[in-house]
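Observations on the three-dimensional arrangement
As a plain string of letters, each chain reads:
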Protein chains: 2
Amino acid sequence: MGLRERKKEKTRLAILDAAFDLFLEQGYDSTTVDQIAGSVEISSRTFFRYFTSKDHLVLWFHDQGEEIMLETLRTRPADEPSFTALIHGLREVVRDIQLSTPEDTTRFLKLRRLMEENPHLVGLSVARGAATERRLAVEIAARRNVDVMTDQRTHLIVAFAMSILRVGFECPHREVTDVRILVERMEETLELAQNAFRPGWDV
Amino acid sequence: MGLRERKKEKTRLAILDAAFDLFLEQGYDSTTVDQIAGSVEISSRTFFRYFTSKDHLVLWFHDQGEEIMLETLRTRPADEPSFTALIHGLREVVRDIQLSTPEDTTRFLKLRRLMEENPHLVGLSVARGAATERRLAVEIAARRNVDVMTDQRTHLIVAFAMSILRVGFECPHREVTDVRILVERMEETLELAQNAFRPGWDV
DNA sequence: TAATCTATGGCAGTCGCTGACAGATGACAA
DNA sequence: TTGTCATCTGTCAGCGACTGCCATAGATTA
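Keep in mind the model is a prediction, meaning the values are calculated, not measured. (Residues numbered from 1 in each chain as written. Chains lettered and ligands numbered in written order. Predicted model: local features only at pLDDT ≥ 70, side-chain atom pairs only at ≥ 80, totals over all residues. Heavy atoms only, no water.)

**Some thoughts on unusual backbone geometry**
We note that A:Asn145 has phi near 60°; this positive angle belongs to a residue other than glycine. Inspection of the secondary structure puts A:Asn145 in the loop between α7 (119-144) and α8 (152-169). On the basis of relative accessible area, A:Asn145 is assigned to the exposed category, the value being 72%. Unlike most non-glycine residues, B:Glu41 shows phi in positive territory, near 60°. (Helix = DSSP H or I, 4+ residues; strand = E, 2+ residues; numbered from the N terminus. Buried < 20%, exposed > 50% of the residue type's maximum accessible area, 1.4 Å probe, protein only.)

**Describing the relation of the copies chain A and chain B**
It takes a turn of 180° to lay chain A on chain B, together with a shift of 0.0 Å along the axis; the resulting RMSD is 0.1 Å. Taken together, the rotation and translation describe the operation of a two-fold axis. When you check the interface residues of chain A against chain B, 100% turn up at the interface there too, and the contact is symmetric in its surfaces. (Least-squares fit on C-alpha atoms with pLDDT ≥ 70 in both. Contact = heavy atoms within 4.5 Å.)

**Some thoughts on the protein's contact with DNA strand C**
Surveying the vicinity of DNA strand C reveals 21 residues, the closest of which are A:Arg45, A:Lys54, B:Thr46, B:Arg49 and B:Tyr50. Of all DNA strand C atoms lying within 4 Å of any protein atom, the proportion belonging to sugar or phosphate reaches 60%. Interatomic distance of 3.0 Å between a backbone N/O atom of A:Leu3 and a phosphate oxygen of DNA strand C. In the environment of DNA strand C, a base oxygen lies 2.9 Å from a nitrogen or oxygen atom belonging to the side chain of A:Arg45. Elements with a minimum of two residues in the surface near DNA strand C: α1 (3-26) and α3 (44-50) of chain A together with α3 (44-50) of chain B. Counting residues per element, the surface near DNA strand C draws most heavily on α3(B), which supplies four residues. Classifying every residue of the surface near DNA strand C by side-chain character gives five nonpolar, seven polar and nine charged. (Near = heavy atom within 4 Å. Polar contact = N/O pair within 3.5 Å; in protein donor to acceptor, adjacent residues only side chain to side chain. Nonpolar A, V, L, I, M, F, W, Y, C, P; charged D, E, K, R; others polar.)

**Considerations on the interface of chain A and chain B**
Every contact between the two is made by 33 residues of chain A and, on the other side, 33 residues of chain B. Together, the buried faces of chain A and chain B total about 3100 Å²; carbon and sulfur atoms form 63% of this surface. Taken together, chain A and chain B are joined by two salt bridges. Between A:Arg166 and B:Glu133 there is a salt bridge, and its shortest N-O distance comes to 3.2 Å. Remark: the boundary between chain A and chain B carries 15 residue pairs in polar contact (both at pLDDT 80 or more). Elements with a minimum of two residues in the side of chain A that touches chain B: α7, α8 and α9 (179-196) of chain A. Ranked by residue count, the leading element in the side of chain A that touches chain B is α8(A), at eleven residues. Taken together, the residues of the side of chain A that touches chain B break down into 18 nonpolar, nine polar and six charged. (Buried area = accessible area lost by both parts, 1.4 Å probe. Salt bridge = Lys/Arg side-chain N within 4 Å of Asp/Glu carboxyl O.)

Written out as C-alpha cells, the structure is:
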C-alpha cells in the first residue's frame, strides 16, 4: 500500500475521531463541519471529499454492516430458510464487532453513546436501513425464487430480521462500556426473536 | 371556528397540494421552498411557519398515523395481547385512509407515488418511524407491566408491528390508482404477518 | 372604535454542500 | 535525479434550507 493511500486512511480515521469527540462534547447539531475540518487541519472542502455529508460520519458503521450481511447471504447454503440465513448474517455483524481492533471498538462505543444522546441520529441510521432492506430483499427474493416486486413475505422476512438488529443495539438497560455487554444483549434479542416465529414461516 | 383558523387550514392544504404537484412534476430535490411558497403566494418565511422543514411536507401523513396508533392503544382492553392491540391500531390507520375525504385520498396517493419515485423519502418516513416506535414502546411496556428500558420483547413487538405497516405500504406490485388496491394489499400483509408468529409469543 | 393579539413579510445571517480552477504532492519511468 | 502525470487539496463563489429579529397588516375582543 502506497504512502498516498496510507495517508488517506489516516485522515479518514482522524476526521472520524475528531468528529465523534466534538459531537459528544458539544452536541451533533452545534458542531459545524468547519470545526471538524479545522481540528484535523484540513479544509471543509476536503472533508466533503472523505464523507459525502456530515450525516455520513454516523453511517459508516451501518455501511459496514450492510456489506457483511450481503456477503454472508452469498455464502449461506441455498436451501437454508431465508430468515435463518439472515440471522446468520446478523451474527456475523456481531462477530465483526467482537473481532475489531481496539480503536475501532472505541469508535463504535462512541457512536453508540452518540446515538443514545441524540435520537435524531438513530433516525438517520434507520433511514439508511431502508435502503439496505431493499438490497437484501433482492437477494432473499432470488433465494426464494419469487419476484421482489410482488412477494410480500420476502419483505416481511427482511424487515423482521433488520428489526432484530436495531432492537439489539438500542435500549441497552445498562451503560455500555464494553462491547461484550452489547454482544450479550444482542444474543438475548436473537434468542427472543427466533422463538417468536412459527417454524417454517419463512420458506 | 374563526376566519383566522379557517384561513390557516386552507393555506396549509394549499401548500401541501402545490408542493406535491411540483415534486411530482420536477422532482423533490430540484424543487425549492421558494418555488413552493411562490406558487401559493406566501413568503418562504411563512412556509416555515406552517411546516418546520421541507421534509415535513412528506411526514404529515406519518404523524397522523402515529396519533391513530396511540389513540387505538388507549382504547383496546388492557388484557389483550400487545401485538394484537398494535394490529388493531394498524387496521385503524387503514380504515382512516378508507374513510378520508376525496381530497385527502388524492393527496395520499400523490404522496405514495412521490415515495415510489424518490426512495430517499421513504428513508425520511422510516426515520420518523423510529421516533414513533419509541413512543409506542412506552405504551406497550406499560401494558405489559415491564420496564421500557430493559425489556427487549416490548421493543421487538413494536418493531415487528411497524414493519408490517411499512411493508404493506411499499412494494404494491401494480400501480396504485385507488386506495382500495392499497387496502387490499395491506390486508394480505397483515394476514401473512399474523400467521408468522407463534401464538402467545407477545404476552 | 380602540386596544390587542397574531399571522405575515423582509432582511440579514448561518450552515451544509457543490462546482470550478489552481497549486501542491505523491507515483512512476527514463 | 529529474521530469511527467495522476491525484489530492485549498480557495472562492454560490445555492438552498433554515432561523432570529423587527415592523406591519390583519383579525379579535372589549
